[in-house]
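# An overview of the molecular structure
Listed below, chain by chain, are the residues.
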Amino acid sequence: MGKTYERIDGRLRTFIEAQPLFFTATAPLSEDGTVNLSPKGLSGSFAVLDELTVAYLDFAGSNAETIAHLRENGRITLMWCAFQGPPNIVRVHGRGEPVFRDDPRFKALLTHFTAVDPTSHGLRAIIVVTAELVRDTCGYAVPFMSYDEDRDLHARRFAREDDTSLSEYFTKKEHIATSLDGLPGLPLPLPPSTV
């Protein structure tokens, strides 16, 4: 019932870009390491860059497991589910990289995200994923759910932070600079924002 695609285009791209929610999965190389699965949302924070490359904004939070795993081994899977309309699940398996605020590529990448104000969310990196395997499956067991709107809590919480206070916030959190498994996470202090 599943189908493999050579690229992210046409119907597949339209489906991915229309979803208000997606999930990321990463893991360390250690066989007893912690597998991480994270929901991602916020309208405008995801972009298809080309037929094999996608990216999303990585905002302030209480840990940095995805960043730590990508820095160690680059493996990542992204998943979208149809909660409305015809059933469908799309997965992009690939290699990911966190592009930090002091990276020369950061500013150009940010131009793909014009529908969201990253300054109010404590933007710390842009995650860029190169697809190695793109598949969809039926999604028959995924329930119908409705999307009402984005929550405003994240922006309300982090809009009051500047670069200095955001770095202080990250430094106080146990699993930002170092992952649950002791891997290097977000480099601190946070480089100044270029936006």
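Below is a summary of the structure that appears in this document. Computed from a predicted structure; not experimentally measured.

### Considerations on the overall build of the protein chain
A count of helical and extended segments in the protein chain gives five helices and eight strands. Moving toward the C terminus, one meets the helices and strands of the protein chain in the order β-α-β-β-β-β-α-β-β-α-β-α-α. At 17 Å, the protein chain has a C-alpha radius of gyration in line with the 16 Å of a compact globule built from 195 residues. The principal-axis extents of the C-alpha atoms in the protein chain amount to approximately 50 × 40 × 30 Å. For the protein chain, with 195 residues in total, the buried portion stands at 46%.

### With respect to the nonpolar core
Generally speaking, nonpolar side chains in soluble globular proteins are found buried as a group. Ile8, Phe46, Leu78, Trp80, Phe170 and Leu186 are the most contacted members of the largest nonpolar core, which has 33 residues in total. The set of elements that each furnish at least two residues to this core consists of α1 (10–18), β4 (46–50), β5 (53–58), α2 (65–72), β6 (75–81), β7 (89–100), β8 (125–137) and α5 (163–172). Element by element, the count of residues in this core is highest for β8, at five residues. Filtering out sequence-adjacent residues up to four positions away, phenylalanine 170 remains in contact with Ala60, Gly61, Gly122, Arg124, Ile176, Leu186, Leu188 and Leu190. Leu42, Ala47, Val116 and Val128 belong to the second-largest nonpolar core, a separate cluster that totals 14 residues.

### Considering the pattern of salt bridges
Taken as a whole, this structure holds ten salt bridges when the rule is applied. Of the charged contacts, one joins arginine 11 and aspartate 136 as a salt bridge, the two residues approaching to 3.2 Å between their closest N and O atoms. Of this pair, arginine 11 sits in helix α1 while aspartate 136 is found in strand β8, placing the two residues 125 residues apart along the sequence. On the accessibility criterion, arginine 11 (49% relative accessible area) is partly exposed. Judged by its relative accessible area of 8%, aspartate 136 falls in the buried class. The shortest N-O distance in the salt bridge between arginine 101 and aspartate 163 comes to 2.8 Å. One end of the pair, arginine 101, is in the loop between β7 and α3 (106–110); the other, aspartate 163, is in helix α5, and 62 residues separate them in sequence. Classification of aspartate 163 as partly exposed rests on a relative accessible area of 27%. Among the charged side chains, a network of salt bridges with common partners joins Glu6, Arg7 and Glu51.

Parameters at a glance
Residues numbered from 1 in each chain as written. Predicted model: local features only at pLDDT ≥ 70, side-chain atom pairs only at ≥ 80, totals over all residues. Heavy atoms only, no water. Helix = DSSP H or I, 4+ residues; strand = E, 2+ residues; numbered from the N terminus. Rg over C-alpha atoms; globule rule 2.2 N^0.38 Å. Buried < 20%, exposed > 50% of the residue type's maximum accessible area, 1.4 Å probe, protein only. Core = buried A, V, L, I, M, F, W, Y, C linked by side-chain atoms within 4.5 Å. Contact = heavy atoms within 4.5 Å. Salt bridge = Lys/Arg side-chain N within 4 Å of Asp/Glu carboxyl O.

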